[in-house]
Amino acid sequence: MSEVEKIGTFVAIGDSFTEGLNDPYPGETDVFRGWADRLAGHIAVLNPGLRYANLAVRGKLVRQIVDDQVPIAVGLSPDLVTLCAGGNDMIRPGADPDAAAVVFDDAVRRLRATGSRVVVFTGFDPRGLRSGGRIRGKAATYNMHLRAIADHRGCSVVDLWPLRAFHDPRAWYEDRLHLSPEGHRRMALYVAGAVGIPVEGDWREPWPPLDRADWLTMRREDVHWARAYLLPWIGRRATGRSSGDGRGPKRPTPLPL
């Protein structure tokens, strides 16, 4: 049997990207599907008895993910683990990609020690995103560390940096930080290919033609974004709060889909 055909337990670890913001289930407002749930569905086609847990919680830093989620995952001894962490660190002023990578490496070491197949994610190239250029250098440095860690520890890599299909604004929610439902759908297809899971559909499918907004419309969008998302984010940073405070994982126990 291949690695894909014998996945009995899949555990997803991370922050809002893996939790699935903003891809709500039908009829829900704060319960999200996201690429990881969609990926689990693809895996379950070949593994009907798949047990799936998603430990990701929005807003978490790499140290919090390693302290809170990795021990749970280690205890489950899953066949497959996806690990994406550090994005929230990189967007914060004064972030140290070298120090974050040391913490990340410890998590990978512990997960690999269980015999689990670990899939590591690099970050997106923020150059294609509005207001993302200021963190590009830090993000690139962190990504270089992640690739080296994956190579040293024998992990698969899902490299998000070169994905030009995700430079389309329709791949992103209006907060400019999280994927849209269509972005999550395409991401699940991309990760499935990287993991070796056969799926129907192509994440590289061309986007339909888009009428570009005029200058005034774009400025109005910028003002709305600043009021609805940037200022609240700054407020949380100033008071030491996080969007994930008081939240637990949406699927803490490996269960069938």
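Preceding this section is the structure that the text describes.
Calculation rules
- Residues numbered from 1 in each chain as written.
- Predicted model: local features only at pLDDT ≥ 70, side-chain atom pairs only at ≥ 80, totals over all residues.
- Heavy atoms only, no water.
- Helix = DSSP H or I, 4+ residues; strand = E, 2+ residues; numbered from the N terminus.
- Rg over C-alpha atoms; globule rule 2.2 N^0.38 Å.
- Areas by Shrake-Rupley, 256 points an atom, 1.4 Å probe, with all protein chains shown as cover.
- Buried < 20%, exposed > 50% of the residue type's maximum accessible area, 1.4 Å probe, protein only.
- Contact = heavy atoms within 4.5 Å.
- Phe/Tyr/Trp six-rings, centres within 6.5 Å; stacked < 30°, edge-to-face > 60°.
- Lys NZ or Arg CZ within 6 Å of the ring centre and 35° of its normal.
- Pairing = 2+ DSSP bridges.
- Axes fitted to C-alpha atoms, helices over the stretch in contact; angles between N-to-C directions.
- Parallel < 35°, antiparallel > 145°, perpendicular 65-115°, else oblique.
- Left-handed = near helix turned anticlockwise from the far one by under 90°.
- Nonpolar A, V, L, I, M, F, W, Y, C, P; charged D, E, K, R; others polar.
- Core = buried A, V, L, I, M, F, W, Y, C linked by side-chain atoms within 4.5 Å.

**Student:** Account for the overall build of the chain, naming residues and giving values.
**Tutor:** Helix and strand content of the chain: nine helices and six strands. Relative to its length of 257 residues, the chain is compact, with a C-alpha radius of gyration of 18 Å against a globular reference of 18 Å. For the chain, the spread of C-alpha atoms along the principal axes amounts to about 55 × 40 × 35 Å. When the accessible area of the chain is evaluated, it comes to approximately 12500 Å², of which 55% is carbon and sulfur surface.

**Student:** Would you mind going over the side chain of Asn22 in detail, with residue names and values included?
**Tutor:** Assignment of secondary structure puts Asn22 in the loop between helix H1 (16–19) and helix H2 (34–46). Assessed through its relative accessible area of 13%, Asn22 is described here as buried. Those residues in contact with Asn22 that lie beyond four places of it in its chain are Phe32, Tyr173, Asp175, His178, Leu179, Ser180, Pro181 and His184.

**Student:** Just give me the short version of the packing of aromatic side chains, but keep the residues and values in it.
**Tutor:** Here a ring pair, both rings aromatic, is described through the centre-centre distance and the interplanar angle of the planes. For the coordinates displayed, the defined rule picks out nine aromatic pairs. Pairing Phe10 with Tyr52 gives two aromatic rings, centres 5.1 Å apart and planes at 25 degrees, and the pair type is stacked. Residue Phe10 is located in strand E1 (residues 9–14), and its partner Tyr52 is located in strand E2 (residues 51–54); the two are separated by 42 residues in the primary sequence. In this pair, the class of Phe10 matches that of Tyr52, namely buried. Judged by centre distance (5.8 Å) and plane angle (50 degrees), the rings of Phe124 and Phe166 are tilted. With Phe124 in the loop between strand E4 (117–121) and helix H7 (136–153) and Phe166 in the loop between strand E5 (156–158) and helix H8 (181–195), this residue pair connects regions lying 42 residues apart in the sequence. The class of Phe166 is buried, set by a relative accessible area of 1%. In this structure an aromatic cluster arises from ring pairing among Phe17, Trp35, Phe121, Phe124, Phe166 and Trp172. The aromatic ring of Trp207 is capped on one face by Arg186, whose charged end is 3.9 Å from the ring centroid.

**Student:** Please provide a residue-by-residue account of the sheet that holds strand E6 (residues 251–255), values included.
**Tutor:** In spatial order, the strands read E5-E4-E3-E1-E2-E6; together these six strands make up an open sheet with mixed pairing. Either end of the sheet is taken by a strand with one partner, and the two such strands are E5 and E6. Each strand of the sheet is rotated relative to its neighbour by a mean of 15 degrees, with strand direction disregarded. In this sheet, E6 lies alongside E2 in antiparallel orientation, the contact comprising two bridges. The residue bridging Asn54 from the neighbouring strand is Arg251, located in E6. Each of strand E3 (80–84), E4 and E5 touches H8; the most contacted strand, E4, lies at about 135 degrees to it.

**Student:** Explain the packing of H2 against H8 to me, using residue names and the numbers behind them.
**Tutor:** Running from N to C, H2 and H8 point in directions that differ by 45 degrees, and their axes come no closer than 8 Å. In terms of axis orientation, H2 runs oblique to H8. Crossing of H2 over H8 shows right-handed handedness. Facing Gly34, Trp35, Arg38, Leu39 and His42 of H2, the residues of H8 in contact are Pro181, His184, Arg185, Met187, Ala188, Leu189, Val191 and Ala192. A breakdown of the residues in the contact of H2 with H8 according to their chemical character gives eight nonpolar, three polar and two charged.

**Student:** Help me get a handle on the nonpolar core, residues and values and all.
**Tutor:** Core analysis: the largest hydrophobic core is formed by 35 residues, its most contacted members being Phe10, Phe17, Trp35, Phe121, Leu160, Phe166 and Met187. Elements supplying a minimum of two residues to this core: E1, H2, E3, E4 and H8. The leading source of residues in this core is H8, at seven residues. Once residues within four sequence positions are removed from consideration, Phe121 is found in contact with Phe17, Trp35, Thr82, Leu83, Cys84, Leu146, Val158, Leu160 and Val191.

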